[in-house]
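# Survey of secondary and tertiary structure
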Amino acid sequence: MLQGIKQTKRKVEIIIEKENIWTVPNFLCMGRILTSPYLSYLILSQDYQIALWLLVFAGFSDLADGWIARTWSSQASKLGTFLDPVADKLLVGTLFLSLAWVGLVPIPLTCLVITRDIVLISAASYIRYKSLPSPKTFARYFNPTYATAQLAPTSISKINTAIQLSFIGGTLAAPVFHFVNHPILIASCYITALTTLAGGLSYLISKNTYKFLRKKTSSKTSF
């Protein structure tokens, strides 16, 4: 029985690709994830000026991690393709909920953003489960060094994330610089809603948003 377990483990290790997860982009993504609760606290405390500067820093970190991953191949990782959108969605979702609570963002728009992100995160979790070879265990599922799938966000989704963050930035700046309910903000609200819907639909239409990974094995067979 123990021999069978060892053989099964060796087969799984052949299929699953292990990778280095300790990269600068992944650390930046984790920074955005850890920053999200504090940003929410600042907004709920109506400390909008500090929240605005922290959001600017988070936005630059989002640009930096993508640039670093594209520039240096050693800094790219399959985990990053999951971690980056999760960090973005957690940041955006937390900010929308907090801003809706203090009355700066419409509740219907917040519900639209949160619902879409929950659906996308659930789909990503299902892809991770389907890509994991048997035996499917919690330890392997949550082990970030096991690269079994890779995500590829659509162009519309990337544009939508930028528009959402710009809208949030403008909304945070409004009470600081005294332009709450400005017509430009109202127009941005509708644009954000449209691109959020378009970004969600783009994942349903596109066929190249994810792929399963299989580690290449030697073609030689022993008899």
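Note that the structure is a prediction, hence the values are computed from the model and not measured.

## Brief notes about the UniProt feature "transmembrane region" (unreviewed entry) in the protein
According to UniProt, the positions carrying the feature "transmembrane region" (unreviewed entry) are residues 50-69, 90-115 and 184-206. Secondary structure content for residues 50-69 is 100% helix and 0% strand, while the C-alpha to C-alpha distance between its ends is 29 Å. The span residues 90-115 is 81% helical and 0% strand by assignment, and the distance between its end C-alpha atoms comes to 12 Å.

## Examining the pattern of salt bridges
A side chain with one charge may pair with a side chain of the opposite charge, provided their charged atoms come close. Inspection of the entire model under this criterion finds 5 salt bridges. Among the ionic pairs, Arg32 bridges to Asp62, the shortest N-O distance being 3.4 Å. Of this pair, Arg32 sits in helix H2 (residues 24-44) while Asp62 sits in helix H3 (residues 48-71), and the two are 30 residues apart along the sequence. The exposure class of Arg32 is buried, given its relative accessible area of 1%. The class of Asp62 is buried, set by a relative accessible area of 17%. Between Arg32 and Asp65 there is a salt bridge; the shortest N-O distance is 2.6 Å. Here Arg32, found in helix H2, pairs with Asp65, found in helix H3; they are 33 residues apart in sequence, far enough to count as distant. What you see here is one network of salt bridges that share partners, running through Arg32, Asp62, Asp65, Asp84 and Asp88.

## With respect to empty space enclosed by the protein
For the coordinates displayed, the defined rule picks out 1 cavity of 30 Å³ or more. In this structure, the largest cavity occupies an estimated 30 Å³ of space. Residue lining of the largest cavity: Asp88, Lys89, Val92, Arg116, Asp117, Thr161 and Gln164, and that is the complete set. Elements supplying a minimum of two residues to the lining of the largest cavity: helix H4 (78-101), helix H5 (107-131) and helix H7 (155-177). For the lining of the largest cavity, the element with the most residues is H4, which contributes 3 residues. Along the lines of polarity and charge, the residues of the lining of the largest cavity split into 1 nonpolar, 2 polar and 4 charged.

## Side note on the packing of H2 against H4
Axis angle and axis distance: for two packed helices, these are the angle between their axes and the distance between the axes, and together they describe the pair. Relative orientation of the contacting elements H2 and H4 amounts to 5°, with a least axis distance of 9 Å. Between H2 and H4, the angle falls in the class roughly parallel. Here the contact of H2 with H4 is built from residues that sort into 14 nonpolar, 6 polar and 3 charged.

## Let's talk about the packing of H2 against H3
Running from amino to carboxyl end, H2 crosses H3 at an angle of 165°, the nearest separation of the two axes being 9 Å. By the angle between their directions, the pair H2 and H3 is classed as roughly antiparallel. The element H2 and its partner H3 pack so that their crossing is left-handed. Residues Val24, Pro25, Leu28, Cys29, Arg32, Thr35, Tyr38, Leu39, Leu42 and Ile43 of H2 touch H3, and the partners they reach there are Tyr48, Ile50, Ala51, Leu54, Leu55, Ala58, Ser61, Asp62, Ala64, Asp65, Ile68 and Ala69. Of the residues assigned to the contact of H2 with H3, the class counts are 17 nonpolar, 2 polar and 3 charged.

## Digging into the nonpolar core
In this structure, Ile43, Leu95, Phe96, Leu109, Ile168 and Leu172 are the most contacted members of the largest nonpolar core, which totals 23 residues. At the level of secondary structure, the elements contributing two or more residues to this core comprise H2, H3, H4, H5 and H7. Top element by residues in this core is H3. It accounts for 6 residues. Beyond its immediate sequence surroundings of up to four residues, Phe96 is in contact with Val105, Leu109, Thr110, Val113, Gln164, Phe167, Ile168 and Thr192. Judged by nonpolar contacts, the second largest core, of 5 residues, contains Phe82, Ile127, Ala149 and Leu151.

## Quick look at the packing of aromatic side chains
Considering all chains together, one arrives at 4 aromatic pairs under this definition. For the pair Trp67 and Trp72, a centre-to-centre distance of 5.3 Å together with 90° between the ring planes defines the contact as edge-to-face. What makes Trp72 partly exposed here is its relative accessible area of 43%.

## Notes on H4
The terminal C-alpha atoms of H4 lie 35 Å apart, and with 24 residues this matches the ideal 34 Å at 1.5 Å per residue to within 8%. By the criterion of burial, H4 is predominantly enclosed, with 17 of the 24 residues buried. With its phi angle positive at about 85°, Gly103 sits one or two positions after the end of H4.

Rules used throughout
Residues numbered from 1 in each chain as written. Predicted model: local features only at pLDDT ≥ 70, side-chain atom pairs only at ≥ 80, totals over all residues. Heavy atoms only, no water. UniProt positions renumbered as here; feature names shortened; annotations may be inferred. Helix = DSSP H or I, 4+ residues; strand = E, 2+ residues; numbered from the N terminus. Salt bridge = Lys/Arg side-chain N within 4 Å of Asp/Glu carboxyl O. Buried < 20%, exposed > 50% of the residue type's maximum accessible area, 1.4 Å probe, protein only. 1 Å grid on protein atoms, 1.4 Å probe; cavity = no way out; pocket = protein on both sides within 12 Å on 5 of 7 lines; lining within 4 Å. Points joined across faces, edges and corners; volume = space filled by probe spheres on them. Nonpolar A, V, L, I, M, F, W, Y, C, P; charged D, E, K, R; others polar. Axes fitted to C-alpha atoms, helices over the stretch in contact; angles between N-to-C directions. Parallel < 35°, antiparallel > 145°, perpendicular 65-115°, else oblique. Left-handed = near helix turned anticlockwise from the far one by under 90°. Contact = heavy atoms within 4.5 Å. Core = buried A, V, L, I, M, F, W, Y, C linked by side-chain atoms within 4.5 Å. Phe/Tyr/Trp six-rings, centres within 6.5 Å; stacked < 30°, edge-to-face > 60°. Expected span 1.5 Å × (residues − 1).

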